[in-house]
Number of protein chains: 2
Amino acid sequence: MPFDTLNTPALLLDKDVFEENCRVMQERVQEAEIKLRPHMKTAKALEAYHCATKDGFGGITVSTLAEADFFASGGVTDILYGVGIVPSKLSQAQRVQDKGVKLTLITDNPDAISLLDDEAKRLETTFPVLIEIDSGGRRGGVLANSQEFLNLAQAITASQCLSLEGVMTHAGHSYHVSTPEEIADIAEQEREAVVGASERLLKAGFPCPVVSAGSTPTAVFAKSYEGLTEIRPGVYMFGDVDQMFIGACKQNEIAATVLASVIGHNKTAKRLLIDAGGLALSKDISASEFSSHTGYGLVCWPDGDVIEELYVESVHQEHGLVASVSGDLPYDKFPVGSRLRILPIHTCMTCAGFSHYDVHSAEGELLGKWGRVNRW
Amino acid sequence: MPFDTLNTPALLLDKDVFEENCRVMQERVQEAEIKLRPHMKTAKALEAYHCATKDGFGGITVSTLAEADFFASGGVTDILYGVGIVPSKLSQAQRVQDKGVKLTLITDNPDAISLLDDEAKRLETTFPVLIEIDSGGRRGGVLANSQEFLNLAQAITASQCLSLEGVMTHAGHSYHVSTPEEIADIAEQEREAVVGASERLLKAGFPCPVVSAGSTPTAVFAKSYEGLTEIRPGVYMFGDVDQMFIGACKQNEIAATVLASVIGHNKTAKRLLIDAGGLALSKDISASEFSSHTGYGLVCWPDGDVIEELYVESVHQEHGLVASVSGDLPYDKFPVGSRLRILPIHTCMTCAGFSHYDVHSAEGELLGKWGRVNRW
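Per an unreviewed UniProt entry, the recorded name for chain A is D-serine dehydratase-like domain-containing protein, and the organism is Kiloniella spongiae. Turning to chain A, the UniProt record has this under Sequence similarities (unreviewed entry): "Belongs to the DSD1 family."

Right, here's the structure in full:
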């Protein structure tokens, strides 16, 4: 059987699928004549970086300074840290700069600018900064039409150690709709917000060389990228069950799966027990927004063929309970010790439970390990 | 300010609270004259082991063979691996035995016995085995009154390399009720199931030296432990918001918290943004079963005082969004760069995101780090 040399649970990565996902996105941005600055928060692996930036310009986005440091050590020289910066993190950021990196920060808070400037002064360094725009996701960002936005631009420009590089946004609300039309509408909302912000900056006399947007769904379904200089999708390299329901990938385009062993049959509860629980799969149930039979993952045979009707209905720390939609479970097809593969609901969360990927070919041949940089 | 030398997010552990939680449980089992075999799946740290087994017999429960190996290297000699065993894991189990450990396994599947026996034969070793009983949790286990149960006992006894040590159960359904009376009822159901199973074994002529039960809620609220030889709670060392709603701990008995920085204010959405998201807090929302205003964690000042009304309403990978129950948020009290502490919903899941605890005194003095053994 494929993968029988691996202990379970293990995080598998189909290299052929992964490479094709990377190739398709790179082709898309080249047609649109913008840069792809892939978000490495899902992959967190150097080999994944090389694949995702092949034929691209080489810059990336990260979600932690640990990632920034890791990719800097791996030779990456242009990194956007895409989470709001605070003064206490600037010394860690400087250590990344010291590895020869142009590290760009983001902010959305006028009150923080003088504190950031003071700390950068103390460290005797400077940082390029993007202003984060809220394009409807209601997470980080100021509204492009707000006075606060121009105040921010003014404060950054007036600082000694920060330089205004432009604007960025992330339309996180694109994860909560599921038709190409709805996602295309959000993509346009995302584009208009950040391009509108850049126009407002330029009109007020500020520089704005960078206009950055993007999520995987909006990258896939956008009808126009006009005015953007770059996009920052990340999960597209992998896909997952949630992206499948959104329509941003097909089931056979999901690159990462969790290999699990059947460890029991609870015939009273009509469940198969597997050794992939909440720590191996994560407790993310985002696809439940779109389907009542996805739970914590869909179930495949070891060769990757989906087993219709089965899903991981619940998880405990190290136990997953697999149910059948119809209620029927042919236990003899799943003896204790046999193996299954689980399609993750949300790849970013699932992969974070593992130290590395066990990389394999489409035929199930193991090709090696890709190490991940987890934590902060 | 306390903890200002730490980067965020960080996992804090109040040593005074932790030690008191350990002391109270040890006292409880000594009064009941049974053994405490603490489940180390929450703590996963050697210093925590020493604290939890102080004045106790020293044996532990683990949820992964990585934990078993880690604690074996730390000198533990009596370990119960409390997740259904499969043949492919016996070689890993043997490496734990080779460190001088009595490693007890569990099973609930008659068909697996001959495969386990064959593999143990191949490895030229033997394993003590407990039969897992389903006492109502509907996860692992056979019913105590089933024919399957006696078949299992017969198959283990007839094997060459497995020896029957007794029975064990875990009343996981005790997490889903919230009054002392309801939990006491489940504790009694748990006790009766596993003690009844042991009596059935003895009557049929099988040995049954071990009768093992326990979860934190049932350990706290059980009215009788009669017939049990040991209990296996784990989360009691830490407590969490879920245990607080169950009634198994008070808020000031929660030992682990996540230190986070305020990274933004979204005044449009009426949210504070913090740098503890789904990876730092986990996506566990189990306390939502009992309250609509707990989300992914409750919010404290850096000194540990709870801030009434605030809770982590939603999380993205590295962002947490803090909301106020009333909708009012005094942003000036939470400037960007200031810090908060988050009470975890489910400690087992939250701690798993971190490589270590930053251990501190009740006064907020940092005392050192306790390393964790994560993964498999």
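So, next bit.
(A) Inspection of the overall build of chain A at higher detail. From N to C terminus, chain A includes 11 helices and 17 strands. Compactness check: chain A gives a C-alpha radius of gyration of 22 Å against a globular reference of 21 Å for 376 residues, within 12% of the reference. On the principal axes, the C-alpha backbone points of chain A span a range of 70 × 40 × 35 Å. In chain A, the share of contacts with a sequence separation of at least 24, taken over all contacts with a separation of at least 6, comes to 68%. For chain A, the accessible area works out to roughly 13,300 Å², and carbon and sulfur atoms hold 48% of it. Distance between charge centroids for chain A: 4 Å, based on 32 positive and 50 negative side chains.

(B) Here's a closer look at the sheet that holds strand 5 (residues 102–107) of chain A. Residue and element names in this part refer to chain A. Read from one edge to the other, the open sheet built from 8 strands follows the order 2-9-8-7-6-5-4-3, with strand pairing classed as parallel. If you trace the sheet from one side to the other, it starts and ends with strand 2 (35–36) and strand 3 (60–62), each paired once. Relative to strand 6 (residues 127–133), strand 5 runs parallel, the two sharing 3 bridges. When the bridges of strand 6 are listed, leucine 105 appears paired with valine 129. Where helix 5 (residues 110–123) meets the sheet, it contacts strand 5, strand 6 and strand 7 (162–169), and its direction lies at approximately 130° from that of strand 7.

(C) Focus on the environment of A:Leu90. All names here are of chain A. Within the element layout of this structure, leucine 90 appears in helix 4 (residues 90–97). Given a relative accessible area of 0%, leucine 90 falls into the buried group. Taking the C-alpha atoms as reference, leucine 90 lies 24 Å from arginine 372; in sequence the two are 282 residues apart. Once residues within four sequence positions are removed from consideration, leucine 90 is found in contact with Ile85, Leu105, Leu116, Glu119, Ala120, Leu123 and Phe127.

(D) Fine view of the interface of chain A and chain B. Of the residues lining the interface, 59 residues belong to chain A; the matching set on chain B comes to 59 residues. Of the roughly 5,000 Å² buried between chain A and chain B on both sides combined, carbon and sulfur atoms contribute 55%. When residues of chain A are sorted by the area they lose upon contact with chain B, A:Arg139, A:Arg375 and A:Trp376 head the list and together hold 16% of the total. Seen at the junction of chain A and chain B, the total is 4 salt bridges. Run the count over chain A and chain B and you get 19 residue pairs in polar contact (both at pLDDT 80 or more). For the side of chain A that touches chain B, the secondary structure elements donating two or more residues are helix 5, strand 10 (256–266), helix 10 (278–281) and helix 11 (347–351) of chain A.

(E) Spotlight on the pattern of salt bridges. Residues and elements named next belong to chain A. What the rule picks out here adds up to 34 salt bridges over all chains. The salt bridge partner of arginine 23 is glutamate 20, with a shortest N-O separation of 2.8 Å. Taken together, the residues arginine 23 and glutamate 20, both in helix 1 (residues 15–32) and 3 residues apart, mark about one turn of the helix. What makes arginine 23 partly exposed here is its relative accessible area of 40%.

(F) Local environment of empty space enclosed by the protein. According to the stated counting rule, one finds 7 cavities of 30 Å³ or more in the structure shown. Space inside the largest cavity adds up to approximately 410 Å³. A:Ala352, A:Gly353, B:Leu279, B:Ala352 and B:Gly353 are the residues nearest the centre of the largest cavity, which is lined by 25 residues in total. Elements with a minimum of two residues in the lining of the largest cavity: helix 10 of chain A together with helix 10 (278–281) of chain B.

(G) Expanded view of the packing of aromatic side chains. For the structure on display, the rule yields 15 aromatic pairs over all chains. Considering the side-chain rings of A:Tyr49 and A:Phe71, the 6.2 Å spacing of their centres and the 50° angle between planes classify their relative orientation as tilted. Note that A:Tyr49 is positioned in helix 2 (residues 46–52) and A:Phe71 in helix 3 (residues 65–73), a separation of 22 residues in sequence. Classification of A:Tyr49 as buried rests on a relative accessible area of 9%. What makes A:Phe71 buried here is its relative accessible area of 0%. Ring plane angle 80° and centroid distance 5.5 Å describe the contact between B:Phe18 and B:Trp370, whose orientation is recorded as edge-to-face. Residue B:Phe18 is located in helix 1 (residues 15–32), and its partner B:Trp370 is located in strand 17 (residues 366–371); the two are separated by 352 residues in the primary sequence. Look at B:Phe18 and you get buried, because its relative accessible area is 0%. On the basis of relative accessible area, B:Trp370 is assigned to the buried category, the value being 8%. An aromatic cluster of at least three residues, connected via ring pairs, comprises A:Phe18, A:Phe238, A:Tyr357 and A:Trp370.

(H) Main features of the packing of helix 3 of chain A against helix 4 of chain A. All names here are of chain A. Between helix 3 and helix 4, whose axes approach to 9 Å, the crossing angle comes to 15°. With respect to helix 4, the element helix 3 is oriented roughly parallel. As for how helix 3 packs across helix 4, the hand of that crossing is left-handed. Residue-level contacts link Leu65, Ala66, Ala68, Asp69 and Ala72 of helix 3 to Gln92, Ala93, Arg95 and Val96 of helix 4.

(I) Up close: the pairing of strand 16 (residues 356–360) of chain A. Residues and elements named next belong to chain A. In terms of residue burial, strand 16 counts as a mostly covered element, since 4 of its 5 residues are buried. Where strand 1 (residues 10–14) and strand 16 come together, 3 bridges link them in parallel fashion. Note on strand 16: the bridge partner recorded for leucine 13 is valine 359. Taken together, the 5 bridges between strand 16 and strand 17 (residues 366–371) define a ladder with antiparallel strand orientation. Bridged to aspartate 358 within strand 17 is lysine 369.

(J) Representation of the relation of the copies chain A and chain B. Expressed as a screw transformation, the operator carrying chain A onto chain B has a rotation angle of 180° and an axial translation of 0.0 Å, and the superposed copies differ by an RMSD of 0.0 Å. In symmetry terms, the pair is related by a two-fold rotation axis. Minimal C-alpha distance to the rotation axis in chain A is attained by A:Lys283, lying at 2.6 Å. A symmetric contact is evident, with 100% of the interface residues of chain A recurring at the interface of chain B.

(K) Representation of unusual backbone geometry in the model. Look at the link from A:Thr8 to A:Pro9: it is a cis peptide, with omega at -5°. Backbone geometry places A:Glu309, a non-glycine residue, at a positive phi of 85°. The class for A:Glu309 is partly exposed, based on a relative accessible area of 39%. For B:Lys44, which is not glycine, the phi torsion reads 50° and is therefore positive. For B:Lys44, the location among the structural elements is in the loop between strand 2 (35–36) and helix 2 (46–52). A relative accessible area of 1% means that B:Lys44 is categorised as buried.

(L) Structural detail: helix 5 (residues 110–123) of chain B. Residue and element names in this part refer to chain B. With 14 residues, helix 5 extends 21 Å from end C-alpha to end C-alpha; this agrees with the ideal 20 Å at 1.5 Å per step. Those residues of helix 5 that are buried are in contact with helix 4 (90–97), strand 5 (102–107), strand 6 (127–133), helix 6 (147–158) and strand 7 (162–169). Among the residues of helix 5, the N-terminal cap falls to asparagine 109, whose side-chain oxygen and the backbone nitrogen of aspartate 111 are separated by 3.1 Å.

(M) Highlighting the sheet that holds strand 9 (residues 230–231) of chain B. The strand order across the open sheet formed by 8 strands is 2-9-8-7-6-5-4-3 (chain B), and the pairing between neighbours is parallel. The open sheet has two edge strands with one neighbour each: strand 2 and strand 3 (60–62) of chain B.

Cut-offs and rules
- Residues numbered from 1 in each chain as written.
- Chains lettered and ligands numbered in written order.
- Predicted model: local features only at pLDDT ≥ 70, side-chain atom pairs only at ≥ 80, totals over all residues.
- Heavy atoms only, no water.
- UniProt positions renumbered as here; feature names shortened; annotations may be inferred.
- Helix = DSSP H or I, 4+ residues; strand = E, 2+ residues; numbered from the N terminus.
- Rg over C-alpha atoms; globule rule 2.2 N^0.38 Å.
- Contact = heavy atoms within 4.5 Å.
- Areas by Shrake-Rupley, 256 points an atom, 1.4 Å probe, with all protein chains shown as cover.
- Lys, Arg positive; Asp, Glu negative; His and termini not counted.
- Charge placed at Lys NZ, Arg CZ, Asp CG, Glu CD.
- Pairing = 2+ DSSP bridges.
- Axes fitted to C-alpha atoms, helices over the stretch in contact; angles between N-to-C directions.
- Buried < 20%, exposed > 50% of the residue type's maximum accessible area, 1.4 Å probe, protein only.
- Buried area = accessible area lost by both parts, 1.4 Å probe.
- Salt bridge = Lys/Arg side-chain N within 4 Å of Asp/Glu carboxyl O.
- Polar contact = N/O pair within 3.5 Å; in protein donor to acceptor, adjacent residues only side chain to side chain.
- 1 Å grid on protein atoms, 1.4 Å probe; cavity = no way out; pocket = protein on both sides within 12 Å on 5 of 7 lines; lining within 4 Å.
- Points joined across faces, edges and corners; volume = space filled by probe spheres on them.
- Phe/Tyr/Trp six-rings, centres within 6.5 Å; stacked < 30°, edge-to-face > 60°.
- Parallel < 35°, antiparallel > 145°, perpendicular 65-115°, else oblique.
- Left-handed = near helix turned anticlockwise from the far one by under 90°.
- Least-squares fit on C-alpha atoms with pLDDT ≥ 70 in both.
- Expected span 1.5 Å × (residues − 1).

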